[in-house]
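Chain residues, written in single-letter form:
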Number of protein chains: 2
Amino acid sequence: MLLKDVPSAQNIEDAEERIHSYIHRTPVFTSTQINDLLGLKVFFKAENLQKVGAFKMRGASNAVLSLTKDQLKKGVATHSSGNHAQALALAAKMRKIPAYIVMPQNAPEVKVAAVQQYGAEVIFCDPTLEAREKTLKEVVDQTGATFVHPYDNYDVIAGQATVAREMIEDTDHLDGIFAPIGGGGLMAGTLLSAKYFGKNVPVYGAEPLGADDAFRSWKAGKIIPMEYPNTIADGLRTSVGQKNFPIIQKYISDIITVTDDEIIEAMRMIFQYLKLVVEPSGAVPFAALIKMKSKLKGKKAGVILTGGNVDLSKLPF
Amino acid sequence: MLLKDVPSAQNIEDAEERIHSYIHRTPVFTSTQINDLLGLKVFFKAENLQKVGAFKMRGASNAVLSLTKDQLKKGVATHSSGNHAQALALAAKMRKIPAYIVMPQNAPEVKVAAVQQYGAEVIFCDPTLEAREKTLKEVVDQTGATFVHPYDNYDVIAGQATVAREMIEDTDHLDGIFAPIGGGGLMAGTLLSAKYFGKNVPVYGAEPLGADDAFRSWKAGKIIPMEYPNTIADGLRTSVGQKNFPIIQKYISDIITVTDDEIIEAMRMIFQYLKLVVEPSGAVPFAALIKMKSKLKGKKAGVILTGGNVDLSKLPF
């Protein structure tokens with residue numbers, strides 16, 4: 001994999017044009033109280049208000065809308081029990097093509113129902129990595145559907161890059177942008193948009209301490225997968241992808257790890273001051289900014305609130 | 001009190017002009033999932049994202065900015081332990097005038113601190129109606145401050161009217177607008193804006209069953225105060241005001257009462273589908289719309305989400 005293959009500025013602009021009727025242009029919020037508490041100005045890009053409640057709708061839409069005529073007929077497939085599954089199902093529904101979602105048998109009922117509600121076909125497998133990949137391969141072989149990986153895919157990366165592009169357009173010069181690292185789809189896209197459209201504004205990666213594979217991989221100079229992730233931020237338990245890591249390695253300014261307690265406190269502050277519902281993963285970048293606040297004193301920081309799909313009966317505060 | 005004294009269209013436009021740099025123009029949100037569930041299109045005006053987390057900032061700002069030069073010097077006073085107290089404190093702070101807030105000794109610590117944080121002086125009294133009014137009178141006598149009633153005040157009503165005016169401007173023709181009735185400040189303002197700017201769009205009042213004094217007053221044709229309110233919607237426990245009731249009586253289309261269970265379910269749906277934090281009172285109009293959904297099938301309804309100041313450690317779902 002070579003860096004010359006990564007999405008160009010034109011690819012990201014094309015993605016924006018392609019997906020704009022499939023997504024919301026989400027608002028950017030500020031809070032005087034948060035600014036006063038932190039001693040800097042924070043701009044929150046509210047992707048929790050995106051369709052399906054997460055930024056994943058952008059990458060999934062761009063992947064679906066980039067298919068050829070022949071590919072469209074056969075539909076799309078993926079393995080996911082998270083926000084990407086719902087996003088791909090909805091994008092496929094809007095484009096009127098089939099979607100096949102491989103999910104572990106023990107996936108929460110509510111996540112299965114959400115995907116089915118968008119008209120996707122759910123195929124269950126044993127809850128192991130091997131079973132998941134084997135089942136996905138069978139589905140693709142049988143249906144001819146195009147596999148849309150949740151993050152290790154340049155169309156997905158170009159779609160996720162539109163978050164930072166919009167945030168840069170909708171704010172004055174920022175001194176730093178904070179985004180989370182799970183598989184690295186959003187992070188790779190954010191880094192590219194910061195480079196192309198943000199005059200190289202520094203980008204800070206935020207990772208849960210209990211799933212800090214990107215931090216350790218970055219330090220080691222090679223991918224070290226996460227074997228036993230242990231964090232409340234369920235959207236960030238995945239390991240960084242093959243196409244994502246080189247982009248992170250080349251462009252990221254720093255990676256900040258945060259504890260679950262720090263994530264929960266950041267989440268509570270977002271509920272309290274911004275009146276917005278975010279999932280634990282969605283609060284990780286703000287937790288990282290809080291940790292960095294003295295370094296950015298008096299400056300302007302952009303924070304991506306990535307999603308809001310949280311079990312409301314089990315809020316951690 | 002005569003209906004000819006109520007705010008005119010010009011008064012409301014003047015209020016909008018006066019307060020626009022003191023408030024946020026809040027966004028209007030929609031949710032495909034909510035629309036599908038209810039069988040109609042719902043437009044949510046997000047006043048939970050307003051400064052101090054509630055629409056009260058509008059009326060308080062308009063009252064402060066309508067003071068004469070002499071009145072400004074002496075400041076403003078009110079009795080409130082709710083959102084009006086914070087709103088008046090912040091508006092006074094922004095205008096750089098003193099604010100005196102009378103609060104019962106047993107007011108929650110966090111509410112006292114919030115008001116003091118905005119630089120207002122808190123004066124404590126016994127937790128009775130008599131003590132509150134006596135203490136307020138003493139404060140006004142001593143300081144010369146202007147009393148700004150939370151709702152029974154035409155400047156406040158004109159300020160609150162800007163919520164519906166903005167919602168009407170930012171949506172296509174609505175078939176109905178839903179707002180809550182507590183003291184009636186927001187409701188009176190909503191009715192006037194619907195009449196002046198909304199081509200007489202029907203306005204539906206929403207009230208907790210456990211504080212249904214407006215409903216009973218409306219039926220009786222005279223004010224019947226609420227003696228023992230009992231509802232989770234703490235912002236709507238007050239009885240309807242003298243200046244507010246005649247406007248409600250003349251212009252309202254219907255008043256719908258909802259149980260606490262219905263309020264909690266509406267609140268949960270707003271968290272889940274809109275990803276917005278609302279307080280119980282803020283969910284009451286949506287609870288009323290859910291009850292009316294068959295009557296409005298296929299139509300377009302506007303719903304005011306009035307506030308988001310809820311104790312996050314005590315969410316009722």
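Sequence order sets the numbering: in each chain, residues are counted from 1 along the sequence as written. Note on labels: chains are lettered from A, ligands numbered from 1, in written order. At least 70 in pLDDT is required for a residue's local features to be given in this predicted model, at least 80 for side-chain atom pairs to be given and counted, and no such filter applies to totals for whole chains, interfaces and linings, which use all residues. Side-chain measures were taken over the full set of non-hydrogen atoms in the model, leaving aside hydrogen atoms and water.

The name given to chain A in an unreviewed UniProt entry is Pyridoxal-phosphate dependent enzyme, and the organism recorded there is Marivirga aurantiaca. UniProt positions are given in the numbering used here, feature names are shortened, and annotations may be inferred rather than shown by experiment. Its UniProt record gives chain A the following Sequence similarities (unreviewed entry) comment, quoted word for word: "Belongs to the serine/threonine dehydratase family."

Caption draft 1: Local environment of the overall build of chain A. Going along the chain from the N terminus, every DSSP run of H or I of four or more residues is numbered as a helix, and every run of E of two or more is numbered as a strand. Looking only at helices and strands, chain A features 13 helices and 10 strands. Seen through its C-alpha atoms, chain A measures out along the principal axes to roughly 55 × 45 × 40 Å. Taken over 317 residues, chain A has a buried fraction of 59%. Intrachain contacts of chain A at a sequence separation of at least 6 include 72% that bridge at least 24 residues. Computed by Shrake-Rupley with a 1.4 Å probe, the accessible areas treat only the displayed protein chains as cover when residues are assessed. Total accessible area on chain A stands at roughly 13000 Å², and carbon and sulfur atoms take up 49% of it. His is not counted, nor are the chain ends, whereas Lys and Arg count as positive and Asp and Glu as negative. For charged residues, the charge sits on one atom: NZ in Lys, CZ in Arg, CG in Asp, CD in Glu. Each charge class in chain A was averaged separately, 36 positive and 34 negative side chains, and the resulting centres sit 4 Å apart. Think of it in three bands: residues with accessible area under 20% of the maximum for their type are buried, residues over 50% are exposed, and the middle band is partly exposed, with areas taken using a 1.4 Å probe on protein chains only. A contact between two residues is defined here by any heavy atoms of the two lying within 4.5 Å.

Caption draft 2: Local environment of the interface of chain A and chain B. Chain A puts 20 residues into the contact, and the matching count from chain B is 20 residues. Each partner contributes to the roughly 1600 Å² buried at the junction of chain A and chain B, and carbon and sulfur atoms together form 65% of this total. The term buried area denotes the loss of accessible surface (1.4 Å probe radius) that occurs when two parts are joined, taken as the sum for both partners. For the chain A face of the interface with chain B, the top three residues by lost area are A:K275, A:V277 and A:L312, together amounting to 37%. Put simply, a salt bridge is a Lys or Arg side-chain nitrogen that is within 4 Å of an Asp or Glu carboxyl oxygen. In this structure, the connection of chain A to chain B is made through 0 salt bridges. Each polar contact in these results corresponds to two N or O atoms within 3.5 Å; when the atoms are within protein, one needs to be able to donate a hydrogen and the other to accept it, and residues that are neighboring in sequence are counted only if both atoms are side-chain atoms. Linking chain A to chain B there are 6 residue pairs in polar contact (both at pLDDT 80 or more). Examining the composition of the side of chain A that touches chain B, we find that 4 residues originate from one element, helix α12 (residues 260–274) of chain A, more than from any other. Here the residues of the side of chain A that touches chain B are counted per class, giving 11 nonpolar, 7 polar and 2 charged. Throughout this entry, Asp, Glu, Lys and Arg are counted as charged residues, while Ala, Val, Leu, Ile, Met, Phe, Trp, Tyr, Cys and Pro are counted as nonpolar. The remaining residues, Gly among them, count as polar.

Caption draft 3: The pattern of salt bridges, seen in detail. Tallied over the full model, the rule gives 30 salt bridges over all chains. Close ionic contact of A:R216 with A:D212 constitutes a salt bridge, the shortest N to O distance being 3.0 Å. We note a salt bridge from B:D70 to B:K73, for which the minimum N-O separation is 3.9 Å. Note that B:D70 and B:K73 are positioned in helix α4 (residues 69–74) at a spacing of 3 residues, about one turn of the helix. Of the two residues examined, B:D70 and B:K73, each falls in the exposed class. Each member of the salt-bridge network shares a partner with another, and the members are A:E13, A:E16, A:R25, A:R165, A:E169 and A:D170.

Caption draft 4: Focus on the sheet that holds strand β4 (residues 99–104) of chain B. Residues and elements named next belong to chain B. With respect to topology, 4 strands assemble into an open sheet ordered β5-β4-β3-β6, the strand pairing being parallel. Taken across any chain shown, the strands that pair with only one partner, and hence form the sheet edges, are β5 (121–125) and β6 (146–147). If DSSP finds at least two bridges between two strands, the strands pair. As paired strands, β4 and β5 are joined by 5 bridges and run parallel to one another. In the sheet register, V102 faces β5, and the bridge partner there is I123.

Caption draft 5: Up close: the side chain of A:T162. When you line up the elements, A:T162 lands in helix α8 (residues 154–169). Each residue touching A:T162, except ones within four places of it in the same chain, is listed here: A:I12, A:A15, A:E16, A:I19 and A:R58.

Caption draft 6: Representation of the packing of aromatic side chains within the structure. All names here are of chain B. Here a pair means two rings of Phe, Tyr or Trp (six-membered ring of Trp) with centres within 6.5 Å. Their orientation is stacked below 30 degrees between planes, edge-to-face above 60, and tilted elsewhere. Summed over all chains, the structure comprises 10 aromatic pairs over all chains. Aromatic pair F44 and F286: ring centres 5.1 Å apart, planes at 70 degrees, arrangement edge-to-face. With F44 in strand β2 (residues 41–46) and F286 in helix α13 (residues 280–291), this residue pair connects regions lying 242 residues apart in the sequence. Of the two residues, F44 and F286, both sit in the buried class. Arranged with centres 6.5 Å apart and planes meeting at 55 degrees, the rings of F215 and W218 form a pair that is tilted. Residue F215 and its partner W218 are both found in helix α10 (residues 213–220); the two are separated by 3 residues, about one turn of the helix.

Caption draft 7: Expanded view of the relation of the copies chain A and chain B. The atoms used to superpose the copies are C-alpha atoms, taken from residues with pLDDT of at least 70 in both, and the fit is least squares. Mapping chain A onto chain B leaves a residual RMSD of 0.0 Å; the transformation is a rotation of 180 degrees accompanied by 0.0 Å of translation along its axis. What we have between these two chains is a two-fold relation. Of the C-alpha atoms belonging to chain A, the one lying closest to the rotation axis is found on A:L276, 2.4 Å away. Take the interface residues of chain A: 100% of them recur as interface residues in chain B, which is what a same-surface contact looks like.

Caption draft 8: The arrangement of the UniProt feature "domain: Tryptophan synthase beta chain-like PALP" (unreviewed entry) in chain A in detail. Residues annotated by UniProt as "domain: Tryptophan synthase beta chain-like PALP" (unreviewed entry) correspond here to residues 22–307 of chain A. The distance from the first to the last C-alpha atom of residues 22–307 of chain A is 17 Å, and the span holds 46% helix and 16% strand.

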